Structures are given as structure tokens and as C-alpha cells.
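# An overview of the molecular structure
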Amino acid sequence: MRIGFFSDTYLPITFGTEISIETFRIWLEKLGHQVFVFVPNYPDIKKLEKNIFRFPSFRLIKSPENRLMFFGPNDVKKIITLKLDIVHSHTPFSAGWLAKIIAKKSKIPLFYTSHILYPEYAKYWIFKENKVLPVLMKFYLKIFGNSCSALIAPSLKMKKLLENYGVKKPIFVLPTGLDFERLERIQEKDSETRRKFGIPLTDKILLYIGRLTEEKNVSFLIESFNLIQKKRKDVCFVLIGEGYLEEKLKEKVKKLGLESKVIFTGRIAWEEVIKIYRSANLFLFASLTDTQGLIILEASYFGLPIVALKDDCYEEMLINGKNGYTIYPYQTSLFAERVLEILNNQSLYQEFSKNAKEIAKNFSAENQAKKLVGVYQKILETYRNKLKLIVKT
């Protein structure tokens, strides 16, 4: 099949949505399909990439990183000449509009993966806790979702939410898989990573990866870490990512006197992220707005026990008491207590680490890509049968 991926965000951004798109692209091609990617251009992108088409754009929303893409009639004509079999949008915004135009003109199915919980993120787009945008976003997602042939939800949580918004089209639950081969290609000695960020060899590394934004609840993690380091001095907290709250979070760290123990890496290359995974000891997460557990799976693959706030989107990925702890009620004291319990009990740590690796093995990128192909084929067959009926009548 010839498949078109459309997105308002892509590499070099390396959060969940971007990694999901790239992982499926790589494995669909390994399965013999052709994937064409239509995404924004970024200021630091200069080289040409095979089958990846970059469009002029500017950043519209800081978090999640979404850009407004510009396209015209000539762009539409060029894409139509590619004779796509499937149009798959990973956004409901500008690239999603382009995807809809291509699907309609080419008379092919339109798929949409709902990666992000936009109504929750919309609370912070203009001013904190605004109530109008989330309602409008739910209505918009209902309209966009029902204009598609089918939708992909990365978790059962996301499927239920889409249904609650009023989406009536078929919704398939399909988490992103892990590209084991790609992860294993990147190796580095623990001492090299520690030296780069000034981390003592004796310190246990607690790790967070994600945007530094309100909805990610990073402030909760910093407050929890403050309680942790009062009980254990041989710990440090590494935060990988960027976002509009970065300066405020750094101020909070300074006020708590944790400057020597909390490291903000900013945005770093995906390869560097993997190297830090290999050096880390435990993964911390407090977001309640995620729609899939890709970051949880990655941490599990590297054998990191996980402590996170309880959330339905981690179902089957983070099992309380097996590869970490899910925390409820959402209290920093309870969170810190569970982290210390793992750090202070070596046998428990080893058990969680072993179980984490076993859980991650169930989510290979190859298997998930094969499932996606199955969804494509099912909807494509239904779509073509409907077209035949329309032609006959």
C-alpha cells in the first residue's frame, strides 16, 4: 500500500506523537509498504529526506508543539499524483485539513490517530483554567472524527473519551510499539553520561521525560523529589524536555535549594535520550493528560521501575506492585514514600526491573505495525464496497 502520514508536528521534536509517527513509518516500510510523510518545516531542518515533504509553517501552539502549515492547490495536485491508497492524519488541525482534501479528491479512506488530549491542553492555551476552549475543542474533535473513515486510539482511555465527545465512526485501540532494534543500536557507558551532566557516580538517577508544561504536572514531581532527597542524599532528578514552564520550574528548584540535585537538559537528540535511559535508575511520571503509555513502555524496556500517578492509559503497561507503583490519592508524600521503598529495597528493585523488561516485550513495533495494516485493509475493503454501491445506484 501507498500510505500518506499527515502531521502538524514531527522530527526533530521527539515527544510521544513524533516517536509514534516515526516508529510506525519505519515498520510499515519494513513490511513492504510505502509511506509518504507530510509535515511542517522547522528552522533547523536543512537536509532533504526521502518521501518526507516539509511545508512552510510557524508555531501556533507552544504545548503540545503544533505548527500551522501552509499549502496551496499546487501542493494538493502534487500529492494526488502520488496515488495514495490510505490517508492517515495524526492531527485534527492544518495538516489534518490537507489530509481531508487529499482523501476526498482521491476517493480513499481517511484515518485519524488521536494522540493528544486536546480539551485538557486547551485549558492552558490562552489563560490558565479557561473553560470555553475545552468545550469548543470537544465539539471540534467530534466534527473532525466523524468526517473520517475510522480512528485510531492509542489507549482504551482515548477511545472512551472520543466516544464521549460524540464520535460515531469506528475506533480501533492500537498503542505504539517499541522499535527494539533501534533502541539497541545506541549504547554508552554510564560514566560518560554522568560526566556530561555532572552527576556523581554514586547518585541514583531519577528520570522524567516530557514537556515542561502545566498539564504534565512536573511541579508535583519536583515537590515529591524534595521529600525524597531529604531521606536520601545520593539521588538526583534529571528532566528531559522543554516548555513554557521551564523558567518557573527552575525558580522553584532554586527556592527549594535543589539546584545541585535537579538537572534540566532542555531538548536533546533522541539518541541522547536513550543514553540517559541506560544510565537512569527509576522513572517518575505525574501527567494525567497522556493518551498512551509510550514513555512508560520505553522506561520499562530499559528495566526502570516506574512510579506514576494512577491513570487508565497505562493499563497493561504499568501494573501496580509488578513493575512499579501507581499512586492514588495524588499526594507528594505517598509518591515519595513509594520511590524510597523501591530505592531502599534492592530485591524489590530487581524484581520490578525484571518485570518491566518482560512487559515491554509484549509491545513490539513490528506487531503493532502489522495490526495497523490489518485495520487499513479492513476499512479499505469496506470503503471500496461502498463506492461500488454508489456507482451502481
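Our structure is the block above this text.
Here is a short report on the structure shown in this document. Just so it is clear, the structure is predicted and the values come from calculations on it, not from any experiment.

### Here's the deal with the sheet that holds strand 10 (residues 204–209)
Strand order across the open sheet formed by 6 strands is 12-11-10-13-14-15, with parallel pairing between neighbours. Either end of the sheet is taken by a strand with one partner, and the two such strands are strand 12 (262–266) and strand 15 (324–327). Pairwise comparison of adjacent strand axes, ignoring direction, gives a mean angle of 20° for this sheet. With 4 bridges joining them, strand 14 (residues 306–309) and strand 15 adopt parallel strand pairing. Residue pairing in the sheet places Ile306 in a bridge with Gly324 of strand 15. Strands strand 10, strand 13 (282–285) and strand 14 of the sheet are contacted by helix 12 (residues 294–301), whose axis makes an angle of about 170° with strand 13.

### What to know about unusual backbone geometry
Leu11 connects to Pro12 through a cis peptide bond whose omega is 15°. Following the sequence through the fold, Pro12 ends up in the loop between strand 1 (2–6) and helix 1 (16–30). Residue Tyr328 is joined to Pro329 through a cis peptide bond whose omega torsion reads 5°. Tracing the backbone through its elements, the reader meets Pro329 in the loop between strand 15 and helix 13 (332–343). With phi around 55°, Lys83 is a residue other than glycine that occupies positive phi space.

### Some points on the sheet that holds strand 1
What the 7 strands build is an open sheet, ordered 3-2-1-6-7-8-9; its pairing is parallel. The two strands at the open ends of the sheet, each matched to only one other strand, are strand 3 (52–55) and strand 9 (171–173). Pairwise comparison of adjacent strand axes, ignoring direction, gives a mean angle of 20° for this sheet. Most of the contacts of helix 3 (residues 94–106) go to strand 6 (residues 86–89), to which it runs at about 165°, and overall it touches strand 1, strand 3, strand 6 and strand 7 (110–113).

### Things to note about the packing of aromatic side chains
Using the criterion set out here, one finds 19 aromatic pairs in the structure. Note on Tyr208 and Phe285: the rings are 5.9 Å apart at their centroids and 20° apart in plane angle, and the pair reads as stacked. With Tyr208 in strand 10 and Phe285 in strand 13, this residue pair connects regions lying 77 residues apart in the sequence. Considered together, Tyr208 and Phe285 belong to a single accessibility category, that of buried residues. Ring centres of Phe283 and Phe285 lie 6.0 Å apart, and the angle between their planes is 25°; this geometry places the pair in the stacked category. For the pair Phe283 and Phe285, one class covers both residues: buried. Counting every residue linked through ring pairs, the aromatic cluster contains Phe180, Tyr208, Tyr277, Phe283, Phe285, Tyr301, Phe302 and Tyr314. Taking NZ or CZ as reference, Lys30 lies 4.1 Å from the ring centre of Trp27, over its face. Sitting over the ring of Trp270, Arg182 keeps its end group 3.8 Å from the ring centre.

What counts and how
- Residues numbered from 1 in each chain as written.
- Predicted model: local features only at pLDDT ≥ 70, side-chain atom pairs only at ≥ 80, totals over all residues.
- Heavy atoms only, no water.
- Pairing = 2+ DSSP bridges.
- Helix = DSSP H or I, 4+ residues; strand = E, 2+ residues; numbered from the N terminus.
- Axes fitted to C-alpha atoms, helices over the stretch in contact; angles between N-to-C directions.
- Contact = heavy atoms within 4.5 Å.
- Phe/Tyr/Trp six-rings, centres within 6.5 Å; stacked < 30°, edge-to-face > 60°.
- Buried < 20%, exposed > 50% of the residue type's maximum accessible area, 1.4 Å probe, protein only.
- Lys NZ or Arg CZ within 6 Å of the ring centre and 35° of its normal.

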